[in-house]
Amino acid sequence: MSETTVTVESAAEATSCCGSCGTGAGAAPAAESGRTSVFQVKGMTCGHCVSSVTAELKKLDGVEDVAVDLATGRVTVGSTLPLADSDVAAAVDEAGYELVGRVEN
């Protein structure tokens, strides 16, 4: 099982979604894997948001790495299997956020 590292930095404009951490987060690159997919997610505002989305996406078959760029809302997923947009949308929804769509590389 691989590890995901997320760097959390304080941001003047960031607000906390739940009030528990009060932080914003910078990007952490996804490690190299078989396939890389990038998605746009709406509604994330803090480290707690990043953790929730990461945890739900890691439950999907084949997902090895997840990196979230909180400033842009882009989520990069490294996987060994192709990811269906519907599965990613369901995972993001379960975390409490909205999948806007896949970002073309």
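Everything in this summary refers to the structure shown in the same document. Note that the structure is predicted; figures quoted are calculated from it, not measured.

1. Some words on the environment of Val66
Point 1. Counting through the fold element by element, Val66 comes out in strand β4 (residues 63-69).
Point 2. Here Val66 falls in the buried class, since its relative accessible area comes to 1%.

2. Some details on the side chain of Ser37
Point 1. Tracing the backbone shows Ser37 in strand β3 (residues 35-42).
Point 2. Accessibility expressed as a relative area gives 8% for Ser37, which makes it buried.
Point 3. At 3.2 Å, the side chain of Ser37 forms a polar contact with the side chain of Arg102.
Point 4. Every residue in contact with Ser37, bar those within four places of it in the chain, is listed here: Val75, Thr76, Val77, Leu83 and Arg102.

3. Digging into the environment of Asp93
Point 1. In this structure, Asp93 sits in helix α2 (residues 85-95).
Point 2. Asp93 gets classed as exposed once you look at its relative accessible area, which sits at 55%.
Point 3. Here the alpha-carbon distance between Asp93 and Val41, two residues 52 residues apart in the chain, equals 9.8 Å.

4. A look at the pattern of salt bridges
Point 1. Here the structure, examined in full by the defined rule, presents 2 salt bridges.
Point 2. In this structure, Glu56 and Lys59 form a salt bridge, with 3.2 Å as the shortest nitrogen-oxygen distance.
Point 3. On the basis of relative accessibility, which here comes to 17%, the residue Glu56 falls in the buried class.
Point 4. Note that Asp85 is salt-bridged to Arg102, the shortest N-O span being 2.6 Å. Of the two residues, Asp85 is situated in helix α2 and Arg102 in strand β6 (residues 98-103); the sequence distance between them amounts to 17 residues.

5. Digging into the sheet that holds strand β5 (residues 74-79)
Point 1. As summarised here, the arrangement of the 4 strands in space is β4-β5-β3-β6, forming an open sheet in which the pairing is antiparallel. Strands with a single pairing partner mark the edges of an open sheet, and in this sheet they are β4 and β6. For this sheet, the mean angle separating the axes of adjacent strands, direction not counted, is 25°.
Point 2. Both β3 and β5 contribute to a ladder of 6 bridges, which runs antiparallel. Bridge assignment links Val38 to a residue of β5, and that residue is Thr76.

The rules behind each value
Residues numbered from 1 in each chain as written. Predicted model: local features only at pLDDT ≥ 70, side-chain atom pairs only at ≥ 80, totals over all residues. Heavy atoms only, no water. Helix = DSSP H or I, 4+ residues; strand = E, 2+ residues; numbered from the N terminus. Buried < 20%, exposed > 50% of the residue type's maximum accessible area, 1.4 Å probe, protein only. Polar contact = N/O pair within 3.5 Å; in protein donor to acceptor, adjacent residues only side chain to side chain. Contact = heavy atoms within 4.5 Å. Salt bridge = Lys/Arg side-chain N within 4 Å of Asp/Glu carboxyl O. Pairing = 2+ DSSP bridges. Axes fitted to C-alpha atoms, helices over the stretch in contact; angles between N-to-C directions.

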